[in-house]
Amino acid sequence: GMQEPVEREADLDSLGPTPVQPFYRDSELLTAEYFDISVKNRLTAARRFLKPLTIVQLQVRGDAPDEELDGKASAAVLDTLRECDTAYVMGTGCLALILEDTPESGAVWAVERIRRSLSSADERLTLRAGLACYPAHGMNTQELIAQCADAFERAQDWPQGRIEVAFAD
């Protein structure tokens, strides 16, 4: 498969407050610094082949220690994603996803499957997610990421788990 990215001390400092847990390096998840560039690359391909693309930001919350939240969030995501989808660790209990060739309806269903997998593993955990799709919600990387972040923020306002979709332009 792909070569493992080489971790340098300096890179970790630039990631902000949450250092990358060593846990993720052995898993199939990429770290946050690859997310924006991946969105850009996947979007270029989606545009070229006239296929939809969805990005998702999600957070798992519950009364469990951070490592347990991270572990369960990652397990639920890896359990349900297809080969062509990628997941990125954005912080404690927070993941981002890029879903290839997936319109809004398929993306909502994919996140719902993650939510079900999560709650069957531990019903104390809740999932909040925001998603945005190309071309419905944005035509370029900045738009898509901003729309996704906005939907994610709206999902945070709910006391229970919630999946929010970006507003169509």
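Residues numbered from 1 in each chain as written. Predicted model: local features only at pLDDT ≥ 70, side-chain atom pairs only at ≥ 80, totals over all residues. Heavy atoms only, no water.

1. Quick notes on the sheet that holds strand E1 (residues 30–31)
With respect to topology, six strands assemble into an open sheet ordered E1-E3-E4-E2-E5-E6, the strand pairing being mixed. Single-partner strands in this sheet number two, and they are E1 and strand E6 (162–165). Sheet analysis places E1 next to strand E3 (residues 86–91), joined by two bridges and oriented parallel. Each bridged residue has a counterpart across the sheet, and for threonine 31 the counterpart in E3 is valine 89. In the packing of helix H4 (residues 104–121) onto the sheet, the strands contacted are strand E2 (53–61), strand E4 (94–100), strand E5 (126–134) and E6, and the crossing angle to E5 comes to about 160°. (Pairing = 2+ DSSP bridges. Helix = DSSP H or I, 4+ residues; strand = E, 2+ residues; numbered from the N terminus. Contact = heavy atoms within 4.5 Å. Axes fitted to C-alpha atoms, helices over the stretch in contact; angles between N-to-C directions.)

2. Some details on the side chain of serine 38
For serine 38, the position within the fold is in helix H2 (residues 35–48). Look at serine 38 and you get buried, because its relative accessible area is 11%. Once you skip the residues sitting within four places of it in the chain, serine 38 turns out to touch Tyr88 and Ile98. (Buried < 20%, exposed > 50% of the residue type's maximum accessible area, 1.4 Å probe, protein only.)

3. Here we look at the packing of helix H3 (residues 66–80) against H4
Between H3 and H4, the shortest axis-to-axis distance is 9 Å and the interhelical angle comes to 130°. Here H3 is positioned oblique relative to H4, judged by the angle of their axes. Crossing of H3 over H4 shows right-handed handedness. Contacts between H3 and H4 involve Lys72, Ala73, Ala76, Val77, Asp79 and Thr80 from the former and Arg113, Ile114, Ser117 and Leu118 from the latter. Considering only residue class, the contact of H3 with H4 consists of five nonpolar, two polar and three charged. (Parallel < 35°, antiparallel > 145°, perpendicular 65-115°, else oblique. Left-handed = near helix turned anticlockwise from the far one by under 90°. Nonpolar A, V, L, I, M, F, W, Y, C, P; charged D, E, K, R; others polar.)

4. With respect to unusual backbone geometry
Excluding glycine, residues mostly carry a negative phi; peptide bonds, for their part, are mostly trans. Following tyrosine 134, the chain continues into proline 135 via a peptide bond in cis, with omega recorded as 5°. Tracing the backbone shows proline 135 in the loop between E5 and helix H5 (141–156). Residues other than glycine seldom take positive phi values, yet leucine 50 does so here, at roughly 50°. Examined against the element boundaries, leucine 50 turns out to sit in the loop between H2 and E2. Look at leucine 50 and you get exposed, because its relative accessible area is 75%. The phi dihedral of aspartate 101 is positive, around 50°, even though this residue is not glycine. Counting through the fold element by element, aspartate 101 comes out in the loop between E4 and H4. With relative accessibility at 40%, the residue aspartate 101 sits in the partly exposed group.

5. A look at the nonpolar core
In this structure, Val56, Leu58, Val77, Leu97 and Ile114 are the most contacted members of the largest nonpolar core, which totals 26 residues. Looking at this core, the elements that each hand over two or more residues are E2, H3, E3, E4, H4 and E5. The leading source of residues in this core is H4, at five residues. With residues up to four places along the chain from it excluded, the contact list for leucine 58 reads Val77, Gly93, Cys94, Leu95, Leu97, Ile114, Leu127, Arg128, Ala129 and Phe152. Listed in part, the 15 residues of the second largest apolar core include Val39, Ala46, Leu53 and Ala132. (Core = buried A, V, L, I, M, F, W, Y, C linked by side-chain atoms within 4.5 Å.)

These results come straight from atomic positions and should not be treated as a statement about function.
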